[in-house]
Amino acid sequence: MDLRLRPLNDLPVRQFAKYVLYWTQMNRRADSNQALAYAADQANALRLPLLVYEGLTCTYVEANDRMHTFILQGVPEQQKRLEALGAGYCFYLRKRRQDNNNVLYQLAADAALVVTDDYPVFITAVHNARVPARIGVAFHAVDASCIVPMSAFTKREWAARTIRPKLQRVLREHLRPVAPIELRHRWRLARPGWHTAVTDCNISALAAACEIDHAVKPSLSFTGGRPAAEKHLHAFLLDRLRRYAREKNSPGSHATSDLSPYLHFGQISALEVALAAERHAEQHQLIATEFLEELIVRRELAFNFTRFCAKFDSLEALPDWAQLTIRKHANDRREHLYAPEQFEWARTHDPLWNACQKEMLLRGKIHGYYRMYWGKKIMEWSPSMEQAHQTMLHIHDRYALDGRDPNTYTNILWCFGLHDRPWGERPVFGTIRYMGYDGMKRKTDVAAYIREIEQMERTGADPFRLS
Ligand SMILES: Cc1cc2nc3c(=O)[nH]c(=O)nc-3n(C[C@H](O)[C@H](O)[C@H](O)COP(=O)(O)OP(=O)(O)OC[C@H]3O[C@@H](n4cnc5c(N)ncnc54)[C@H](O)[C@@H]3O)c2cc1C
């Protein structure tokens, strides 16, 4: 546990407290959650019950119906599973800006200590920097996002090839299930009056009552929550894993897991997905190596980058060669130029690019292979690399169910050369890797993908929806 644990202040555990509090920010699950397990161990050691607090505010960047719905859909099952363990559970939906913004501090006043998720980006990173000094009690962050804890590394890694051997060296000791939680003291106290009851029936009404952007509709493809996450994992193992290595770069084949929204909101853990994939591969004589490379090496490289590079959302984080080549080609003539809104509304000359953007608008993610093309073209058709970077971040913040993730910042910067190497010199890109339409046409079934997205746009339904 030590490598996962970061006490974020040096305050002592409070005497005569009523409970241990786990504030679940990013790992919104009762299963396979080391932060919850640590909070449970602390509660047992202190002979106290455990209270889990989950919040959703209207104030985060680009708060909208899509993100709110996905999170709210996770709440009923989360409550059910935590209560079955004997933990208390309360959920606070801050609907309006003027509503109480103090519930964490109210709960912490009766807590022996507060445990939360260690997470390097977005609102959780801001909370974890700000709250520990104000909370008045021990505040411990636990890394329940990575398989090999972020703290197993002491510095920024430069590429998949540098982190891979280090991960492999220690992987076996971390690739083990989280022990089942057994709480010795059941929660018997009343829930606070501000608790928001969420049921499968009131989710759209709750989202509608929030001061958020209602123009971004829920995804046509993904329902939030643990049961949906498990369904996606099951479907992946049953049908897609055996095709993954061969077809993962072929968007029309739907051979990837589509788990990134669930991983992002912590409704499923990378650990349990990796264990399930390994087990399934062993039982059915399959090879899961390519999938585990993405899920472990690529994903944990992203966590490493955002943990150790403060400027993870800036082009300043790029390696020198990439920054130099960007400067050298800043004034190159661009054949097409689009404003951020033209990108956002999928109004370019390129039907494949427009289909990628429409996939983002409708599904809330883009297939991994075309997502690279999507990013490279925004670079090519924006007046500057800075503006291209901002456009990509904005679209992810607003529409991507898996956005605002270490993977988001890292992979967007990958388009600009992060974790990559210099390639042949060409206009606009300089020595940054280029991707073109002809390559996409040669390697993938562009026409089938465009048809699929058009059908989804026309019918308002995703024929590949699983949950
Ligand atoms: C410009 C750009 C932006 C991206 N933005 C995001 C983002 O916001 N959120 C996000 O999760 N991924 C992002 N990615 C990485 C990748 O495209 C997605 O992780 C993947 O497409 C998710 O689909 P899946 O769950 O079906 O992936 P699968 O192929 O089934 O992979 C399983 C899991 O492995 C991880 N993974 C896969 N590819 C990568 C990768 N290249 N880097 C790191 N982890 C990976 C993800 O957690 C993924 O869910 C981005 C890539 C690019 C090029």
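Residues numbered from 1 in each chain as written. Predicted model: local features only at pLDDT ≥ 70, side-chain atom pairs only at ≥ 80, totals over all residues. Heavy atoms only, no water.

Asker: Account for the pairing of strand S2 (residues 19-23), with residues named and values stated.
Answerer: Here S2 lies mainly inside the structure; five of its five residues are buried. Across the two faces of S2 the burial is the same, with Tyr19, Leu21 and Trp23 and Val20 and Tyr22 all buried. The sheet contact formed by S2 and strand S5 (residues 111-117) spans four bridges and is parallel. In the strand pairing of S5, Tyr22 is matched with Val115. (Buried < 20%, exposed > 50% of the residue type's maximum accessible area, 1.4 Å probe, protein only. Helix = DSSP H or I, 4+ residues; strand = E, 2+ residues; numbered from the N terminus. Pairing = 2+ DSSP bridges.)

Asker: Tell me about the nonpolar core, residues and numbers included.
Answerer: The biggest cluster of nonpolar side chains holds 137 residues, and the ones touching the most others in it are Leu50, Leu72, Phe291, Leu295, Met379 and Phe416. Each of domain 1 (2-147 + 180-208) and domain 2 (313-459) contributes no fewer than three residues to this core. Sequence-distant contacts of Phe416, that is, excluding residues within four places in its chain, are made with Leu315, Leu318, Ala322, Ile326, Met379, Met385, Ala388, His389, Met392 and Ile432. With 19 residues, the next largest nonpolar core counts Leu51, Tyr92, Val131 and Trp194 among its residues. (Core = buried A, V, L, I, M, F, W, Y, C linked by side-chain atoms within 4.5 Å. Domains from an automatic or database assignment. Contact = heavy atoms within 4.5 Å.)

Asker: An account of the side chain of Gln25 is requested, with residue identities and associated values reported.
Answerer: When you line up the elements, Gln25 lands in the loop between S2 and helix H1 (34-45). In this structure the side chain of Gln25 is engaged in a polar contact, spanning 2.7 Å, whose partner is the side chain of His127. When sequence neighbours within four positions are dropped, the list of residues in contact with Gln25 reads Thr116, Asp117, Thr124, His127 and Asn128. (Polar contact = N/O pair within 3.5 Å; in protein donor to acceptor, adjacent residues only side chain to side chain.)

Asker: How would you summarise the site of the ligand if you had to cite specific residues and measurements?
Answerer: Within the structure, the ligand sits among 23 residues, and Tyr244, Thr256, Ser257, Asp258 and Thr408 are positioned closest to it. At 2.9 Å from a nitrogen atom of the ligand is found a main-chain nitrogen or oxygen belonging to Asp402. Within the side chain of Thr408, one N or O atom sits 2.7 Å away from an oxygen atom of the ligand. About the coverage of the ligand: the protein hides 94% of its 820 Å² of free accessible area. Elements supplying a minimum of two residues to the shell around the ligand: helix H8 (260-264), helix H10 (289-308), helix H14 (368-380) and helix H16 (406-415). With five residues, H10 is the single largest residue contributor to the shell around the ligand. Grouping the amino acids of the shell around the ligand by side-chain chemistry returns seven nonpolar, nine polar and seven charged. (Near = heavy atom within 4 Å. Areas by Shrake-Rupley, 256 points an atom, 1.4 Å probe, with all protein chains shown as cover. Nonpolar A, V, L, I, M, F, W, Y, C, P; charged D, E, K, R; others polar.)

Asker: Lay out the pairing of S5 in plain terms, naming residues and giving numbers.
Answerer: Looking along a regular strand, one sees the side chains alternate between the two faces of the sheet. Burial analysis of S5 places seven of its seven residues in the buried class, the great majority of the element. Relative to strand S6 (residues 139-142), S5 is paired through four bridges, and the arrangement is parallel. Along S6, the bridge assignment pairs Val114 with Phe139. Read from S5 through helix H4 (residues 122-130) to S6, the crossover connection turns out right-handed. (Right-handed = clockwise from strand over helix to strand, strands pointing away.)

Asker: Can you explain the sheet that holds S5? Please cite residues and give values.
Answerer: Taking strand neighbours across the sheet as the criterion, the six strands line up as S1-S6-S5-S2-S3-S4 in an open arrangement whose pairing is mixed. Because the sheet does not close on itself, it has two edges, and the strands there are strand S1 (5-7) and strand S4 (88-94). Direction aside, neighbouring strands of the sheet carry axes that sit 25 degrees apart on average. Relative to the sheet, helix H2 (residues 65-85) contacts strand S3 (50-57) and S4, its axis offset from that of S4 by approximately 165 degrees. (Axes fitted to C-alpha atoms, helices over the stretch in contact; angles between N-to-C directions.)

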